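Structure at a glance
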Amino acid sequence: MTAPSEGGSPERRPQQRKQVLLRLDPSVYEALARWAGDELRSANAQIEFLLRRALKEAGRLPGDTGPLPRRGRPPKGSEDT
């Protein structure tokens with residue numbers, strides 16, 4: 001069953017990404033931020049990456065989950081000139 005905020009059909013995805021408040025131990029955040037920097041991600045993107053990986057490994061990632069959104073500037077040639 002889908003939640004009312006998700007819409008009625010599975011192929012219809014919400015336009016807005018869900019925002020959540022997350023409280024972390026400062027040392028955990030610092031380690032996460034360093035790891036994210038090593039992989040050229042923001043701390044937020046690193047958290048989402050790790051959560052998706054954990055959900056997939058546990059067999060709990062929903063099948064209709066889209067790919068991680070691409071960040072930054074689009075590649076050259078992909079926009080109208």
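Residues numbered from 1 in each chain as written. Predicted model: local features only at pLDDT ≥ 70, side-chain atom pairs only at ≥ 80, totals over all residues. Heavy atoms only, no water.

1. Considerations on the overall build of the protein chain
Note the following rule: Each helix corresponds to a stretch of at least 4 residues labelled H or I by DSSP, and each strand to a stretch of at least 2 residues labelled E; elements are numbered beginning at the N terminus. Categorising residues by exposure relies on relative accessible area from a 1.4 Å probe, with only protein chains included: less than 20% of the type maximum marks a residue as buried, more than 50% marks it as exposed, and the intermediate range marks it as partly exposed. Residue contacts are defined here by distance: any two heavy atoms, one from each residue, within 4.5 Å place the two residues in contact. For the area figures, the Shrake-Rupley method with a 1.4 Å probe applies, and any residue is considered shielded solely by the protein chains shown.
From N to C terminus, the protein chain includes two helices and zero strands. Evaluated residue by residue, the protein chain yields a buried proportion of 10% over its 81 residues. Considering only residue pairs separated by 6 or more positions, the protein chain has 26% of its internal contacts joining residues 24 or more positions apart. As displayed, the protein chain offers around 7,700 Å² of accessible surface, 53% of which is attributable to carbon and sulfur atoms.

2. Section: the pattern of salt bridges
Should their charged atoms come close, side chains of opposite charge can pair. What counts is decided by this rule: Put simply, a salt bridge is a Lys or Arg side-chain nitrogen that is within 4 Å of an Asp or Glu carboxyl oxygen.
Evaluated as defined, the whole model comprises three salt bridges. In this structure, Arg 41 and Glu 39 form a salt bridge, with 2.3 Å as the shortest nitrogen-oxygen distance. Assessed through its relative accessible area of 27%, Arg 41 is described here as partly exposed. Across the salt bridge formed by Glu 48 and Arg 52, the nearest N and O atoms sit 3.0 Å from each other. Here Glu 48 and its partner Arg 52 are both found in helix H2 (residues 43-57), four residues apart, which amounts to about one turn of the helix. Residue classification places Glu 48 among the buried positions, given a relative accessible area of 17%. Classification of Arg 52 by relative accessible area gives buried; the value is 18%.

3. Looking at unusual backbone geometry
In terms of backbone geometry, most residues other than glycine have negative phi values and most peptide bonds are trans. Non-glycine residue Leu 40 carries a positive phi angle of around 55°. Given the relative accessible area of 80%, Leu 40 is considered exposed.

4. What about H2?
Basically, it comes down to this: Residue count minus one, scaled by 1.5 Å, sets the expected span of a helix.
The terminal C-alpha atoms of H2 lie 21 Å apart, and with 15 residues this matches the ideal 21 Å at 1.5 Å per residue to within 8%. For H2, every residue scored as buried is listed here: Ala 43, Ala 45, Gln 46, Glu 48 and Arg 52. Looking at the buried side of H2, the elements it contacts are helix H1 (26-38). Among the residues trailing H2, Gly 59 stands out with phi positive, at a value near 70°.

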